[in-house]
Structure formats: structure tokens, C-alpha cells
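Geometric and topological summary
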Amino acid sequence: MSETILILGASGQIGGELTEKLRNIYGSNHVIASDIRNGNDALMNSGPFEIIDATDKDGILEVVQKYKVTQIYLLAAMLSATGEQFPQKAWDLNMSSLFNVLNLAKDGFIKYVFWPSSIAVFGPSSPKINVPQSTIMEPTTVYGISKLSGERWCAYYNKKYGIDVRSLRFPGLIGWQSSPGGGTTDYAVDIFYKAVAHQPFECFLAENTALPMMYMDDAIRAVIELMETDSKKIKVRSSYNLGALSFTPKTLYESLLPLFPNFEIKYTPDFRQEIAESWPESIDDSSARNDWDWQPQFDLKRMVDDMCYNLRNK
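Below is a short write-up of the structure. Being a predicted model, the structure only gives us computed values, none of them experimental.

Before going further, it helps to spend a moment on the overall build of the chain. A tally of regular secondary structure across the chain gives twelve helices and 14 strands. Expected size for 314 residues packed as a compact globule is a radius of gyration near 20 Å; at 19 Å, the chain falls within 12% of this value. Considering only C-alpha atoms, the chain reaches an extent of 55 × 45 × 40 Å along its principal axes. Among the 314 residues that make up the chain, the fraction classed as buried is 55%. Of the contacts made within the chain by residues no fewer than 6 positions apart, 77% connect residues no fewer than 24 positions apart.

Take a look at the structure:
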């Protein structure tokens, strides 16, 4: 029996590109995109699309049964910076949507779950350099708290009910297909838009704030590789550390100057600076490398070149 995938939150930062790649692999009719409102034309026209509120379990179940869905990728979430402005809403969305999907799997309606975690699970007491897979985690944002709670629930449902749930702790993600969202690392997307438009950039983080980052192509590939790995190889059922790049706003700015010599930047740290300072600077992802052969492909130069090329054409 072939797999049929439902993506909840397909209009978000990861969703559009992941939907496109999965439709190329499984066929357009086997990948159902969904969000709380209509997506862009490419998403709507390349395969089935459903309006779904990820907090509505009955609504999700209706679509699961309509298309005979076997896998759910739950991408709907409120991110770090937005979540700090609406803590209760962020908690309700991030947790109730996860419970809905885990319980559908527990009740036998679906076989596999993908749910993304984040480096936001770490906190000021976590190691800063090469933060290990298992360490002290005391997150200081509602987003991080919800992700850490979600990780524990994923591991619980796997152990108690045998649910095949898989997860990745994403660093900051950089891609050209979607605009910056409500994340603390989204300066690293916005800076490219400003450079290509020949506009000055105002950075909301201090110039030497190092954070783990990843190009979207690597992130999408990591999700697909994880989900295609034999379940016997998946040893981490909370969420896998995932690493690729680490850099500061100043380093990224300097890497853009050869392409945009007149590009100007100003650093005006805001409330997101405190969030960034609570996160690690780099990731030890040896568990992912050992268990399912994870390997990033984009270094800083290749990412900068690819981002600028695609944004210019866009």
C-alpha cells in the first residue's frame, strides 16, 4: 500500500517546499496540503488542498478518512518571537495540535507522525558550544517550553503506545521561497531580501550573536531522510539534534558584501536578543549522523550564492 501524507501547516516556512518535494516523490494526489487558510497558487494548484484548523481533531480525522491518510506531518505552530506576545495562544496551538495527531495515531487512524522541535528547547543553563543530544534543558520562551513538552509527549506515546513518531530539533532555517516569519533567527532571511532589493538592513540581534542555522534545502532533505529511514534505526524518539552552520549577523553581512558592496547594516537589538542569548551557538548532531547518516550539504558560501540567485530571479 502506498503512503498518503497530510501536511498540517503547509503554508508556513517549511510547509510549501516540503509539500513540493513530497509530491515529487509520492505523487501529487498522495500529498494533501492543508492550512487554516488558503495557501499560494503553487501550493493550491499542484495537488489536493484542505482548510484545516490543527486544533480541530474532528476536522483532521475527516480529512484523514477522506484521503486514507497514513502519515501526518504537523508543521502548524506559533514561533518564538510571536509566541512571547501571545503566550496562552502559542501554548494552546502548539500542544493541542500535537495531542490531536498523536491520539489519531494511538487510535489507529495513521501510521507515522513527523513533528518538528527546535533549538528553543535549550536554555541559558544548556552548553553553548556543540550542545549534546541529551543535556540540561530549561527553555525560557513559551515556544521552547511547548517544544520541550512536545518532545517528552512524543517519547511517551512511542514507549507506551508504540506510535512511530519522528522529530528533528531544527536550528534557524533560511530559505528564499517564503518571507520571514515570527522567529528569532528570521533576521537571517530578511537580510537577503533587503540586500537583493538594495535597501539598508536593520538587524534586531547584536552583531556577534552566534546561532545555529541551516539552509532550507538541507532541512527538507533531513525530514525526508528521517521519515524514509527504517524504524529500527531510529533510536531517539524525543527529537534529534540537527546541525549544519553557525554564524553571527556580522559574519552573514560580510559574506554578502562581495555581491552587494554598498549594502548597509545597523544593529538595534530588541527583545529577541535575550531569546537568542538563551540558545546554543552550535549543535552536536552525532546521533543523527550515526543513526541515519545525516550530513548537511550547504556551507555558508553555497547558501549565500543560492539564496541571492533565487531571490534575484524571484
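Here the focus is the side chain of Ser-167. By secondary structure assignment, the location of Ser-167 is in the loop between strand E7 (164-166) and strand E8 (168-170). Assessed through its relative accessible area of 2%, Ser-167 is described here as buried. Polar contacts involving the side chain of Ser-167 include one to the side chain of Ser-239, which spans 2.7 Å. Apart from residues no more than four positions distant in its own chain, Ser-167 is found in contact with Phe-114, Trp-115, Pro-116, Ser-117, Leu-226, Ser-238, Ser-239 and Tyr-240.

Right, let's talk about the side chain of Glu-50 for a bit. By the element assignment, Glu-50 lies in strand E3 (residues 49-51). According to the relative accessible area criterion, Glu-50 is buried, its value standing at 16%. Of the polar contacts made by the side chain of Glu-50, one reaches the side chain of Lys-66; its length is 2.8 Å. Side-chain polar atoms of Glu-50 contact the side chain of Tyr-67, separated by 2.6 Å.

This brings us to the environment of Ser-287. Among the secondary structure elements, Ser-287 is positioned in helix H11 (residues 286-292). Measuring from C-alpha to C-alpha, the distance between Ser-287 and Met-303 comes to 24 Å, with 16 residues separating the pair along the chain. With sequence-adjacent residues up to four places away left out, Ser-287 is seen in contact with Gln-133 and Tyr-240.

The next thing to look at is the nonpolar core. With 39 residues, the main nonpolar core has Ile-174, Tyr-187, Phe-192, Phe-247, Leu-252, Leu-256 and Met-303 as its most contacted residues. Of all the elements in the fold, those that place two or more residues in this core are helix H6 (142-161), helix H7 (187-196), strand E10 (201-203), strand E11 (211-215), strand E13 (245-247), helix H9 (249-256), helix H10 (271-277) and helix H12 (300-313). Of the residues forming this core, the biggest block, seven residues, is contributed by H7.

Next up on the list: the sheet that holds E3. The pairing of strands in a sheet comes from backbone hydrogen bonds and takes either a parallel or an antiparallel form. Strand order in the open sheet formed by six strands is E3-E2-E1-E4-E5-E7, and the pairing between neighbours is parallel. A single partner strand is all that each edge strand has here, and the edge strands are E3 and E7. Looking at each pair of strands side by side, their axes are set apart by 20° on average, direction ignored. In the sheet, strand E4 (residues 71-74) pairs with strand E5 (residues 112-114) via three bridges, with the strands oriented parallel. Following the sheet pairing, Gln-71 is matched in E5 by Tyr-112.

On to a negative patch on the surface. A contiguous patch of negative charge, built from Asp-53, Asp-56, Asp-58 and Glu-62, is present on the exposed surface. Given a relative accessible area of 34%, Asp-56 falls into the partly exposed group.

Next up on the list: H6. Compared with the 28 Å implied by 1.5 Å per residue over 20 residues, the 27 Å span of H6 between its first and last C-alpha is a close match. Every buried residue of H6 is accounted for by Val-142, Tyr-143, Gly-144, Ser-146, Lys-147, Leu-148, Gly-150, Glu-151, Cys-154, Ala-155 and Tyr-157. Looking at the buried residues of H6, the elements they touch are helix H4 (80-85), helix H5 (87-106), strand E6 (117-118), E7 and E8. One or two residues past the end of H6 sits Gly-162, with phi positive at roughly 75°.

Parameters at a glance
Here, residues in each chain are numbered from 1, in the same order as that chain's written sequence. In keeping with the predicted nature of the model, local features appear solely for residues at pLDDT of at least 70, side-chain atom pairs appear and are counted solely at 80 or more, and the whole-chain, interface and lining totals rest on all residues. The basis for every side-chain value is the complete set of non-hydrogen atoms in the structure, without hydrogens or water. Put simply, DSSP H or I for four residues or longer makes a helix, DSSP E for two residues or longer makes a strand, and each gets a number counted from the N terminus. Radius of gyration here is computed from C-alpha atoms only, and the compact-globule reference equals 2.2 Å multiplied by the residue count raised to the power 0.38. The buried label goes to any residue with under 20% of its type's maximum accessible area, the exposed label to any with over 50%, and the partly exposed label to all in between, with areas taken from a 1.4 Å probe on protein chains only. By the convention used here, residues are in contact when the closest approach between their heavy atoms is within 4.5 Å. Polar contact is the term for a pair of N or O atoms within 3.5 Å; when the atoms are in protein, one must be able to donate a hydrogen and the other to accept it, and sequence-neighboring residues count only if both atoms are side-chain atoms. Residues grouped as a nonpolar core are buried Ala, Val, Leu, Ile, Met, Phe, Trp, Tyr and Cys residues, joined through side-chain atoms within 4.5 Å. At least two bridges found by DSSP between two strands are what make those strands a pair. Fitted lines through C-alpha atoms serve as axes, helices being fitted only where they are in contact, and the angles separating the N-to-C directions of these axes extend from 0 to 180 degrees. Patch members must show over 30% relative accessible area and no salt bridge, and they are joined within 9 Å when carrying like charges or within 5 Å when they are nonpolar side chains of Val, Leu, Ile, Met, Phe, Trp or Tyr. Surface exposure here means Shrake-Rupley accessible area, sampled with a 1.4 Å probe, where a residue is shielded only by the protein chains that are shown. For this analysis, a salt bridge means a side-chain nitrogen from Lys or Arg found within 4 Å of a carboxyl oxygen belonging to Asp or Glu. We treat Lys and Arg as the positive residues and Asp and Glu as the negative residues; His and chain ends play no part in the count. For charged residues, the charge sits on one atom: NZ in Lys, CZ in Arg, CG in Asp, CD in Glu. A helix is expected to reach a length of 1.5 Å times the quantity of its residues less one.

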